[in-house]
Amino acid sequence: MSEKRIALQLKNITKSFGDKYANKNVSLDVYHGEILSVLGENGSGKTSLMNVVAGIYTPDSGQIFIDGKEASINSPKDAFSFNVGMIHQHFKLVDVFNATENIVLGIDDEKGFDLKKARTRIIEIAGKYGFIIDPDKKIYDMSVSEKQTVEIIRVLYRGADILILDEPTAVLTPQETQVLFDVLRRMRDDGKAIIIITHKLHEVLSLSDRVAVLRKAEYVGTVITAQTNEKQLTEMMVGVKTELNIHRDEPVNPSSRLIVSDINCKNREGVTVLKNISFEAKSGEILGIAGIAGSGQRELLEAVAGLQKIESGDILYIDPKTQEKEDLRNKTPMQIRDMGVRLSFVPEDRLGMGLVGNMGIVDNMMLRSYKRGPLIFLSRKEPKYLADEIIERLHISTPDAETPVRRLSGGNVQKVLVGREIAAAPTVFMAAYPVRGLDIGASYTIYDLLNEQKQNGVAVIFVGEDLDVLIELCDRIMVLSGGTVSGIVNARQTTKEEIGLLMTKSKEDSKNAQ
Amino acid sequence: MIVTFLSRAVGQAIPLLFGSTGEIITEKSGNLNLGIPGIMYMGGCAGIMGAYIYEHSVAVPSPALCVLIPLLASIIGSGFLALIYSFLTITLRANQNVTGLAITTFGIGFSDFFGGSLVGMMDGDGQLSVMRSSGYFKKTLPFADKLGEVGELFFSYGFLAYVAIIIAIASAWFLRRTRAGLQLRAVGENPATADAAGINVAKYKYLATCIGGIIAGLGGLYFIMDYTGGSWTSGGFGDRGWLAIAIVIFATWKPNVGILGSLVFGGLYIAYYYTGDLGRRVGELFKMLPYIVTIIVLVITSMRSKKENQPPEHLGLPYFREER
């Protein structure tokens, strides 16, 4: 390792958004001819750090050295001039262009515009590293892995020596992943420095030479892959448990409220996003849902709320009064409401799905009650009372009840949404990342509200990302991994390591377990 | 009679061709400029105003300036409106539809006001008319008359008609074959991608919108100086600007197909003159043809599924880097 040249060196990089740190004094080295994995939970600052290197974010402080010389990178263009190329998780390609056109886009080399020559060079690059690509194929005809190939070749075409890949395998099948890894190994042998952002432990172990771990914006350390194991990496990734002192009562008379059995869902592209999910939500209990972002949390909640089509399986709701069972499968939200099921849903996308940003609090309250009122007229009185009550009870800071909610701070927007959903006196309350972007005070207000619902005998489902919060707030925690349930644990007895391992459990592992 | 109809159809087609080529260039950058009808009015009105002021301020107007001054005035007038549109929609990210409609209203109002009152302001009387300058715009090649029907069909138009066709073909070539053309299309399809690739999105949008506006403005100039023979009539340009926008869809955003589209619509626009014995009532029905065809074209194009024939993906939307 010692005779290798350092390709990229980061020194004390700090980047903050508002008063939140994305990276705090992070230092890293990458050598030519090696694959470095950057490992960390959601929100640990992996992508932010790499965006700094790729010129998308400008760091608040810190230095970047490339091949020993200090580099100032202020735009993606600068990054290219230092031979740094990043392949983003969301591809940046023009759909109606073919591969060649996308690859040459934005290159101004004064050499004249010759697509044929470019095409030949693309085939050369592809041959050298073993890519399979059709330079004349339009992007819209391509599979995800082909699009990724175009992105990687684009970066190589521009002469990148340092390649950064942001979760490249998240969208690939296991076979495609193998092909990608072979290509990456060949590029490593060619002397390129490769950084791969990931949270899949088995990939880290099979692919990389070294692993750098980030946790909560800070750099934890770098280990040589050959000298480590899953357990050590998980511990580095999740860290030591911190005490939050969130209030938690014992569940009172828990009884089944929602029984989900064996549901399967596909997304719009036809990819399976939920596989054989079964669980039970009980009244008077908070069920936590943990998992890496995009493991199916969103689809699961939307399936229950009637927003996501279910291929197979059942969702049974048990009425608390009559004990009658009703099937919610493939009902619209309106049908579910008409059945007398009081389901409240606080979606992840507050201003997109939850509230209308340009309307005031009163109007947003009416989104749930517009069906009431005589004939074609709306009743504005009740929503107005409700709005005033929520503002007072949840201490929402707003000039008045008619101010567009878009102008409120994130925490206040969330309080409006949670307040409205609670006011509907739900029997099932689902919240996706309700404290995301909120400060500590606002977060605790939300925890209190969830606890209050729990005491009222509501079945609460809480999707969270901070494991410390999940462990202290919930009664049981269900862990999702790649659209499957990798485990349901008792929150009072579990550890962060246990959940961390379940979260990163690969598809193969869970198959073996069965 | 067929030849006369065809050559008149070409005369009708030229303003439409200028307008649609200009709008295609603009839309390729992702800007849906509904101000084009107003900009075309403005291009025509500014041109005739320039010609009138020049003709009345010198004793013996020179032929070259009789062409250059209206041309320059037209470019400044339409370019200015396109610049206002660009500033509002690109820099201030105002709603493109509202801005475009405002520009159209303004352009038409401005033109009708000055077209009607310029003569009075300059202490003249009668209609705003520039016969001399118009003569130069209408000048055909000397041998055109001797070629009979071929001459009438191909060589009986002023120079702007040929400019229109050259611009349309050149634009098609520019969009398909040049680096700048590729990058302009990328801006209209996916500005975030273009931005990440190091393309200056705002620059491309400004240039495409202003140049597109200027090209469209020449359509107004041709109409006034050549087609109507250099005299202003209030509202004379009619709704040709809107037809030009319809042709953009007909041509599936390809300037070379726009030539065909303009000829078809130009022919339909005057078809009612040639209904002959069918009587006036039928003639009135024929006046509806361009609009009926527009509706049919819209229905057909929205059913077509080929991706290349769809509008630029980011058409009508503002681009703001920090939103990604």
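What this report covers is the structure whose coordinates are included nearby. Keep in mind that what you see is a predicted model, and the values were worked out from it rather than measured.

Taken together, the contacts link 19 residues of chain B with 24 residues of chain A. For the pair chain B and chain A, the two sides together bury roughly 1900 Å², of which 59% comes from carbon and sulfur. It is Arg179(B), Leu182(B) and Lys307(B) that lose the most area in chain B upon contact with chain A, and together they represent 32% of the buried surface on that side. Joining chain B to chain A, the criterion identifies one salt bridge. For Arg185(B), the salt bridge goes to Glu101(A), with nearest N and O atoms at 3.8 Å. For the side of chain B that touches chain A, the secondary structure elements donating two or more residues are helix 8 (179-189) and helix 9 (191-196) of chain B. Per element, the largest residue contribution to the side of chain B that touches chain A is six residues, and it comes from helix 8 of chain B. Grouping the amino acids of the side of chain B that touches chain A by side-chain chemistry returns six nonpolar, five polar and eight charged.

The next subject is the nonpolar core. Residue and element names in this part refer to chain A. Within the largest apolar cluster, 64 residues are counted, with the highest numbers of intra-cluster contacts made by Phe131, Ile152, Leu163, Leu184 and Met187. No other element matches helix 5 (residues 144-157), which puts six residues into this core. Among all residues touching Leu163, those that are not within four sequence positions of it are Gly85, Ile87, Ile152, Val155, Leu156, Met187, Lys192, Ala193, Ile194 and Ile195. Core analysis: the next-biggest nonpolar cluster, separate from the first, contains 49 residues, Ala401, Leu438, Val458 and Val479 among them.

Let us now look at the sheet that holds strand 15 (residues 325-327) of chain A. All names here are of chain A. With antiparallel pairing, four strands are arranged side by side in an open sheet as 12-11-14-15. Here the strands that pair on one side only, and so sit at the sheet edges, are strand 12 (272-282) and strand 15. Within this sheet the neighbouring strands show an average axis-to-axis angle of 20 degrees, counted without direction. Strand direction decides the pairing type here: strand 14 (residues 312-318) and strand 15, joined by three bridges, are antiparallel. Bridging across to strand 15, Tyr317 finds its partner in Glu326. Helix 9 (residues 297-305) contacts strand 11 (256-266), strand 12 and strand 14 of the sheet and is inclined by roughly 65 degrees relative to strand 12.

All names here are of chain A. Pairing within the open sheet is mixed, and its six strands lie in the order 16-17-18-13-19-20. Looking along the sheet, the strands with just one partner apiece sit at the ends: strand 16 (343-346) and strand 20 (484-490). Ignoring strand direction, the axes of neighbouring strands in this sheet form an average angle of 15 degrees. Relative to strand 20, strand 19 (residues 476-481) runs antiparallel, the two being bridged by six bridges. Note on strand 20: the bridge partner recorded for Ser481 is Thr484. This element, helix 14 (residues 410-423), spans strand 16 and strand 17 (428-432) of the sheet and lies at about 175 degrees to strand 16.

How each quantity is defined
- Residues numbered from 1 in each chain as written.
- Chains lettered and ligands numbered in written order.
- Predicted model: local features only at pLDDT ≥ 70, side-chain atom pairs only at ≥ 80, totals over all residues.
- Heavy atoms only, no water.
- Contact = heavy atoms within 4.5 Å.
- Buried area = accessible area lost by both parts, 1.4 Å probe.
- Salt bridge = Lys/Arg side-chain N within 4 Å of Asp/Glu carboxyl O.
- Helix = DSSP H or I, 4+ residues; strand = E, 2+ residues; numbered from the N terminus.
- Nonpolar A, V, L, I, M, F, W, Y, C, P; charged D, E, K, R; others polar.
- Core = buried A, V, L, I, M, F, W, Y, C linked by side-chain atoms within 4.5 Å.
- Buried < 20%, exposed > 50% of the residue type's maximum accessible area, 1.4 Å probe, protein only.
- Pairing = 2+ DSSP bridges.
- Axes fitted to C-alpha atoms, helices over the stretch in contact; angles between N-to-C directions.

These figures capture arrangement, not role.
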